[in-house]
Amino acid sequence: MVTSSLLLSITTFTFLACSVLYMAGGVFRQKQLFFVGSMVASGSLILQTAGILLRWKESYDLGYGHAPLSNLYESLVFAAWAIMLIYLVLEYRTKQRSLGIFPCLITFLAMAYASFSTNVDAKIQPLLPALKSNWLIAHVVTCFIGYAAFAVAAGLSLLYLAKGKAMGSSNTGPASGFVPEPRQLDELNHQMVLFGFLWLSVGIITGSVWANSAWGTYWSWDPKETWSLITWLVYAAVLHARTMQGWRGNRVAWMSLLGFACVIFTYFGVNFLLTGLHSYATK
Amino acid sequence: MDQKHGFGQQLIGALASLKLTLFVFLALAVGSILGTLLPQGLSEPELQRHFGPGIAGWIAAFGLHDLYHTGWFRLLLLLLCVNLAVCSLDRLPKTIKLMSRREETLSAKKLEKFSTRYSLSSQHGPEEARSRIAKVLETAGFPSQFVPGDQGHGLIAEKGRWAPYMVYVVHLSVLVVLFGALLGSILGFKGFMNITEGEVSDSVAATTGHGQIMLPFSVRCDDFSVAFYDQGTPKEFRSDLVILENGKEVRKQTIRVNDPLTYQGITFYQSSYGTTLKEAEVEFQDKANGKSERIVLPFRQIRLIPGTQDRVQVVEYEQDFNRFGPAIGILLQKDGQKESSGSWILVDKPDFHGNRIMNYGIRVIRAEASQFTGLQVKRDPGVWWVYGGFTAMLLGIGLAYYTSHRRLWILALPEGKGSKVILAGRASKNSLAFEQEFNGLCERLKAEL
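Every value quoted in this text rests on a predicted model; they were computed, and no experiment measured them.

1. Re the interface of chain A and chain B
Each partner contributes residues to the interface: chain A has 42 residues there, and chain B has 45 residues. Together chain A and chain B conceal approximately 4100 Å² of surface at their shared face, both sides included; 68% is due to carbon and sulfur atoms. Broken down residue by residue, the surface that chain A buries against chain B is led by P129, Y218 and W221 of chain A, which jointly contribute 16%. Connecting chain A to chain B are one salt bridge. Linking chain A with chain B are 11 residue pairs in polar contact (both at pLDDT 80 or more), by the criterion used here. Among the elements of the structure, α6 (182-214) and α7 (223-245) of chain A are those that each provide at least two residues to the side of chain A that touches chain B. Among the elements that line the side of chain A that touches chain B, the one with the most residues is α6 of chain A, at 17 residues.

Structure, rendered in structure tokens:
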């Protein structure tokens, strides 16, 4: 019998295959490997979509009936899904398959962490009263689209920095000539940051409106809220430095990575190291 | 900056500067990080216990235990607002001026300077070529305008004229959100009330300070209940509330978490619950003379033990006192004494040796517990400003992301029997995507000419 956990376990391994294919394509400069990687990635995304939908249905069969966005496991799966989706759209639009190395790796790591860590409980659990709201879907989906865009932006930044290094040492480094021009990477990074910024804003605002309708405060300086604001400020600084001060290249790439570090801390660090309203997300 | 400008100009320059913006962003971020690392809302004695007197002194001096309400954090927020407002007011006229400037004439020389440009030949004469181009541009969403060229025929087209203004919408929206927050904190209140099932209350304990807020109406809780999932975790908390005005029922509503009740701008949220004692029937046996007296003690009300001037009251109730089952805390004040003494009396263990205070042996005959619902109560007249700001912010960021101000300058010059067409373009941002759009347009024009 096909269950959602079977489907999602399979995608963990197919995402590993994608990462290997993309990396091999980059190292050996084989466009065919990229092509195969891209096909496997698309197939995995379809399989994962089916897995998520099936999990949704299974929660109804168990009598809980909620969208699969309620705990750490489900959010990791959704994060992986969103990163892959955004990356594949980017790949389709730019026709640049070499961009996939880092997004695939991040996707695989997210799925592997969800599947294998003892900290993460994959069981379908009933929804806490505080989470019973239509805002749950709006809030989680928008936040994670933002996070996913920032993950792809961080991947582009890493590629930019790696390419810069390769070009600095010799003109025939493993990645140079095979990945897009630095100017295009820089531009795509900016696009992704702007896209992520928009969705992070929507995510923070939906969370805020939800909190107001559930607890009567739209902002309570809870650590998760505060860290999402810190992330927002960092990316706002990136956008201002680039637009107003004309920052380009390495500095923007490093700032984008700093922003992503804030995203990671907002996502994991706050759950495990600090306490607050979002404590249900630790299991 | 120009030497002629005085101090005022310099101050405005500093307040409008991007350096200040980046500094405020960074300072707010670092401040907020501190606030998440240190537990917030601890009292000074608690701080002393956690950190020792030395560090606690520093924490208290900078208000780090209540960081987001300190003067310096608010000052940073104020600085952010000033920076936003001054820089927007400083730049807006420049943007308007830039947007309203239009070339009167076009020259081939001017167009040669653009980095994004293209030239093609047409079999049509310049005037015909120009009107064909205008038609193509029209379908691509670029309304165009004819202008004379120093030779030949010129054309200017643009779209997304309002895109450069979106950044001002976003800046304004931040100010509106913060204004709404300020309005809410000045004109609104936030508090908490516990209502025992069947009881009525109109007083709210304020969250900040220790004051009581009296509501202009009263609230009765008819019932509170918790539903559980099969495996034991809570599924739903609900309270049946009734609003009373001058003793008359005016509104009846069941509230749940995520489903509050609003009446006259005051909102009641399901927040917590608990069990409290309604009343207890207690037997006091005076060990000195063996006399027993039974009295009913309503929770937290003082009664006299019959035949004496000794005052007793039940001040505490625990559903499970150190795993000995329910217990009530009784306070006894002997006649003529200033000090009272108290003890926990176990309800289900009448023979427990500690069931006594001074000369009385105490036995609980009956303890009637009842549930109370904990309601968060709030009035916030600023919230619609905040929501309005939110909406404007999303519109502004969204439109700033999806659009840019794109301009095309086109000149058709006579060349032999046909014409030579020079196209130049510029976008306010995202030049790479614009280059693609520009190239696409040039391909279409090539086919049409």
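2. What to know about the confidence of the model for chain B
Residue and element names in this part refer to chain B. Per-residue confidence for chain B gives a mean pLDDT of 88; residues scoring 70 or more make up 98%. Summarising per-element confidence for chain B, the mean pLDDT is lowest in helix α3 (residues 44-61) (82) and highest in strand β9 (residues 261-263) (94). Listed scores for the predicted complex are pTM 0.84 and ipTM 0.88.

3. Some details on the sheet that holds strand β18 (residues 406-415) of chain B
All names here are of chain B. The five strands are arranged β1-β19-β18-β3-β2 in an open sheet whose pairing can be described as antiparallel. This sheet does not close on itself; its edge strands, each paired only once, are β1 (117-122) and β2 (144-148). On average, each strand axis in the sheet is inclined to that of its neighbour by 20°, with strand direction left out of account. Where strand β3 (residues 153-159) and β18 come together, seven bridges link them in antiparallel fashion.

4. Focus: the pattern of salt bridges
A side chain of one charge can pair with a side chain of the opposite charge when the charged atoms of the two come close. A full pass over the atoms with the stated rule returns 23 salt bridges over all chains. Between E74 of chain A and R55 of chain A there is a salt bridge, with the nearest N and O atoms lying 2.8 Å from each other. Pair noted here: E74 of chain A is in helix α3 (residues 72-94) and R55 of chain A is in helix α2 (residues 31-61), with a separation of 19 residues, a long-range link. R55 of chain A matches E74 of chain A in its accessibility class, with the two residues each being buried. The closest approach of N and O atoms between R363 of chain B and E283 of chain B, which form a salt bridge, is 3.4 Å. Of this pair, R363 of chain B sits in strand β17 (residues 360-379) while E283 of chain B sits in strand β10 (residues 266-286), and the two are 80 residues apart along the sequence. With a relative accessible area of 15%, E283 of chain B lands in the buried category.

5. A word on the packing of aromatic side chains
One pass over the full model with this rule turns up 33 aromatic pairs over all chains. Ring centres of F217 of chain B and Y263 of chain B lie 4.9 Å apart, and the angle between their planes is 90°; this geometry places the pair in the edge-to-face category. One end of the pair, F217 of chain B, is in strand β6 (residues 212-228); the other, Y263 of chain B, is in strand β9, and 46 residues separate them in sequence. For the residue pair F217 of chain B and Y263 of chain B, the accessibility class agrees, reading buried in each case. Through a chain of ring-to-ring contacts, three or more aromatic side chains come together here, namely F78, W81, Y113, F144, Y147, Y267 and F268 of chain A. The ring of Y92 of chain A has K95 of chain A sitting right over it, with the charged end atom 4.1 Å from the ring centre.

The rules behind the values
Residues numbered from 1 in each chain as written. Chains lettered and ligands numbered in written order. Predicted model: local features only at pLDDT ≥ 70, side-chain atom pairs only at ≥ 80, totals over all residues. Heavy atoms only, no water. Contact = heavy atoms within 4.5 Å. Buried area = accessible area lost by both parts, 1.4 Å probe. Salt bridge = Lys/Arg side-chain N within 4 Å of Asp/Glu carboxyl O. Polar contact = N/O pair within 3.5 Å; in protein donor to acceptor, adjacent residues only side chain to side chain. Helix = DSSP H or I, 4+ residues; strand = E, 2+ residues; numbered from the N terminus. pLDDT = per-residue confidence, 0-100. Pairing = 2+ DSSP bridges. Axes fitted to C-alpha atoms, helices over the stretch in contact; angles between N-to-C directions. Buried < 20%, exposed > 50% of the residue type's maximum accessible area, 1.4 Å probe, protein only. Phe/Tyr/Trp six-rings, centres within 6.5 Å; stacked < 30°, edge-to-face > 60°. Lys NZ or Arg CZ within 6 Å of the ring centre and 35° of its normal.

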